[in-house]
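In case you want the letters, here they are:
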Amino acid sequence: MKPIRKAVFPVAGLGTRFLPATKANPKEMLPIVDKPLVQFAAEEAVAAGVDVLIFIIGRNKNSIPDHFDKAFELEAKLEEGNKQEMLSIVRNILPSHVECVYIRQAEALGLGHAVLCAQSVVGDEPFAVLLADDLIHCKDEDDLCCLNQMVDVYNQNHCSILGIEQVAPETVNRYGIIDSTPISSTLSKVNSIVEKPPIDRAPSNLAVVGRYILTPRIFKLLEQTQRGAGNEIQLTDAIAKLLKEESVLGYQFSGKRFDCGNKAGYLQATVELALQHPELKDDFRRYLKEFFGNEIKES
């Protein structure tokens, strides 16, 4: 079986929940302290062994390729000022062996369509999909990142893997929800999947979140998939077809997911990661204690 070398990042969405901040700036470039969301996702992919990053972009997304590109003027200014630490950060956003590919999605027709746009680059290889607004953080630096865990599961099972987690029952209508048969405490065989079901019709509260490993068969199925929920081509609908042909597993990953596609989740990620930031955590914790009294616990 071919290894997971390529990852797709659908980043063409309009980010309307964050207007006016996202009027001219992609939501994926919103920073968590000092690092944009899309960089967290890219670093996770690289840590899992991916060396080709495929970004599906739309209009007003030029700051994403700019972020991962070389910045000659900025680097020259930092070098002139002997700001070596900042210069190193700018030069090493991604390792030199990693290739970035940018594909324009002319019309926002849904997640399934965005993934389909990557077909010419992915070819006949298994690949990962990462949604940057699902920030999955491993508190312990020695822990494997979410995608790395899923790659290990793929290497053992050689089939599509969906990142899943239990969500509050009243929120199932926001997700793709699976019906599954447990294999172990973290792994399940997916029997069916439905996109954003009504709360009273959801088969479970196991939700597919923004991490996937998919076999290339998904592309042919996406080509046959009609518009579904939201009048968009849904990746969930193509996965439902894939289930009839191949095994698909759901994996409950280790790590904390922040739903940065909404403002509350974004603020939670900002606060919690600021409390772990090596330069800021002490001053920020001190500020929070002053603001809230002594209610802030040590992490």
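Preceding this section is the structure that the text describes.
Let me begin by describing the structure that accompanies this report. Starting from 1, residues in each chain are numbered consecutively following that chain's sequence as written. Since the coordinates come from a predicted model, pLDDT governs what is reported: local features require at least 70, and pairs of side-chain atoms require 80 or more to be given and counted, while whole-chain, interface and lining totals use all residues. In computing side-chain values, all of the structure's heavy atoms are included and hydrogens and water are not.

## Description of unusual backbone geometry
Thinking step 1. In this chain, Leu-19 is followed by Pro-20 through a cis amide linkage whose omega measures 5°.
Thinking step 2. Runs of H or I in DSSP of at least four residues are treated as helices and runs of E of at least two as strands, each being numbered from the N terminus. Checked against the element boundaries, Pro-20 lands in the loop between strand 1 (6-10) and strand 2 (31-32).
Thinking step 3. One non-glycine residue, Val-33, lies in positive phi territory at about 65°.
Thinking step 4. By secondary structure assignment, the location of Val-33 is in the loop between strand 2 and strand 3 (35-36).
Thinking step 5. With relative accessibility at 28%, the residue Val-33 sits in the partly exposed group.
Thinking step 6. Phi angles above zero are rare outside glycine, and Lys-196 is one such case at about 45°.
Thinking step 7. Considering the arrangement of structural elements, one finds Lys-196 in the loop between strand 10 (187-195) and strand 11 (206-214).
Thinking step 8. Note on exposure labels: buried denotes an accessible area under 20% of the residue type's maximum, exposed denotes more than 50%, and partly exposed covers the range between, all computed with a 1.4 Å probe on protein chains only. In this structure Lys-196 comes out as partly exposed when scored by relative accessible area, which is 44%.

## Here's the deal with helix 1 (residues 37-47)
Thinking step 1. For helix 1, the buried fraction is high: 9 of the 11 residues fall into the buried class.
Thinking step 2. Among all positions in helix 1, only Leu-37, Val-38, Gln-39, Phe-40, Ala-41, Ala-42, Glu-44, Ala-45 and Val-46 are buried.
Thinking step 3. Positive phi shows up at Gly-49, right after helix 1, with a value of about 100°.

## With respect to the packing of aromatic side chains
Thinking step 1. Ring pairs shown here join Phe, Tyr and Trp side chains whose ring centres sit within 6.5 Å, with only the six-membered ring taken for Trp; geometry is labelled stacked below 30 degrees between planes, edge-to-face above 60, and tilted in between. Within this structure, the stated rule accounts for 8 aromatic pairs.
Thinking step 2. Ring centres of Phe-291 and Phe-292 lie 4.9 Å apart, and the angle between their planes is 75°; on these two criteria the pair is classed as edge-to-face.
Thinking step 3. Exposure remark for Phe-291: the relative accessible area of 55% places this residue in the exposed category.
Thinking step 4. Residue Phe-292 is classed as partly exposed on the basis of its relative accessible area of 41%.
Thinking step 5. An aromatic cluster is defined as three or more aromatic residues linked by ring pairs; in this entry it consists of Phe-9, Phe-55, Phe-68 and Tyr-102.
Thinking step 6. Sitting over the ring of Phe-40, Lys-35 keeps its end group 4.9 Å from the ring centre. Any Lys NZ or Arg CZ found within 6 Å of a ring centre and within 35 degrees of that ring's normal is scored as a charge over the ring.

## Structural notes on the pattern of salt bridges
Thinking step 1. Basic side-chain nitrogens of Lys or Arg form a salt bridge, by our definition, when they fall within 4 Å of a carboxyl oxygen of Asp or Glu. One pass over the structure, following the stated rule, counts 16 salt bridges.
Thinking step 2. The salt bridge partner of Glu-75 is Arg-91, with a shortest N-O separation of 3.1 Å. Here Glu-75, found in helix 3 (residues 72-80), pairs with Arg-91, found in helix 4 (residues 84-91); they are 16 residues apart in sequence, far enough to count as distant.
Thinking step 3. Judged by relative accessible area, Glu-75 falls into the buried class, the value being 6%.
Thinking step 4. Taking the shortest distance from any N to any O, the salt bridge between Arg-257 and Asp-134 comes out at 2.8 Å. Residue Arg-257 is located in strand 13 (residues 256-259), and its partner Asp-134 is located in strand 7 (residues 134-137); the two are separated by 123 residues in the primary sequence. Of the two residues examined, Arg-257 and Asp-134, each falls in the buried class.
Thinking step 5. Shared partners join several salt bridges into a network, and the residues in it are Arg-5, Lys-6, Asp-51 and Glu-125.

## Considerations on a nonpolar patch on the surface
Thinking step 1. Patches draw on residues past 30% relative accessible area with no salt bridge. Two like charges within 9 Å are joined, as are two nonpolar side chains (Val, Leu, Ile, Met, Phe, Trp, Tyr) within 5 Å. Here the open area of atoms and residues is found with the Shrake-Rupley method and a 1.4 Å probe, where only the protein chains shown may cover a residue. A grouping of Tyr-287, Phe-291 and Phe-292 is seen on the molecular surface, where their side chains present a nonpolar patch of about 340 Å² in accessible area.
Thinking step 2. Following the sequence through the fold, Phe-292 ends up in helix 11 (residues 281-292).

## Examining the packing of helix 3 against helix 4
Thinking step 1. Here an axis means a line fitted to C-alpha atoms, over the contact stretch when the element is a helix, while the angle between two N-to-C directions is reported on a 0 to 180 degree scale. Contact geometry of helix 3 with helix 4 gives a least axis separation of 8 Å together with a crossing angle of 160°. For the element pair helix 3 / helix 4, the angle class is roughly antiparallel. The interaxial crossing formed by helix 3 with helix 4 has left-handed handedness. Counted together, Leu-74, Glu-75, Leu-78 and Glu-79 of helix 3 and Met-86, Leu-87, Val-90 and Arg-91 of helix 4 form the full contact between these two elements.
Thinking step 2. Throughout this entry, Asp, Glu, Lys and Arg are counted as charged residues, while Ala, Val, Leu, Ile, Met, Phe, Trp, Tyr, Cys and Pro are counted as nonpolar. The remaining residues, Gly among them, count as polar. Its residues assigned to classes, the contact of helix 3 with helix 4 shows 5 nonpolar, no polar and 3 charged. Angles below 35 degrees are treated as roughly parallel, those above 145 as roughly antiparallel, those between 65 and 115 as roughly perpendicular, and all remaining angles as oblique. Handedness of each helix crossing follows the sense of rotation of the near helix against the far helix: counterclockwise by less than a right angle gives left-handed, clockwise gives right-handed. Contact between two residues is taken to exist if any of their heavy atoms lie within 4.5 Å; hydrogens are not considered.

## Here we look at the environment of Glu-232
Thinking step 1. Secondary-structure assignment places Glu-232 in the loop between helix 8 (217-224) and helix 9 (235-242).
Thinking step 2. Overall, the relative accessible area of 30% leaves Glu-232 in the partly exposed class.
Thinking step 3. As for Glu-232 and His-113, which are separated by 119 residues in sequence, their C-alpha atoms are 8.0 Å apart.
Thinking step 4. Apart from the residues lying within four places of it in its own chain, the contact partners of Glu-232 are Leu-109, Gly-110, Gln-226 and Arg-227.

## Digging into the side chain of His-113
Thinking step 1. Structurally, His-113 can be placed in helix 5 (residues 111-116).
Thinking step 2. A polar side-chain atom of His-113 sits 2.9 Å from a polar atom in the side chain of Gln-105.
Thinking step 3. Residues contacting His-113, with those up to four places away along its chain left out, are Gln-105, Glu-107 and Ile-233. Here a polar contact is taken to be a pair of N or O atoms separated by no more than 3.5 Å, where protein atoms must pair a possible hydrogen donor with a possible acceptor and residues adjacent in sequence count only if both atoms sit in side chains.

Fair warning: the whole summary comes from geometry, so function is off the table for now.
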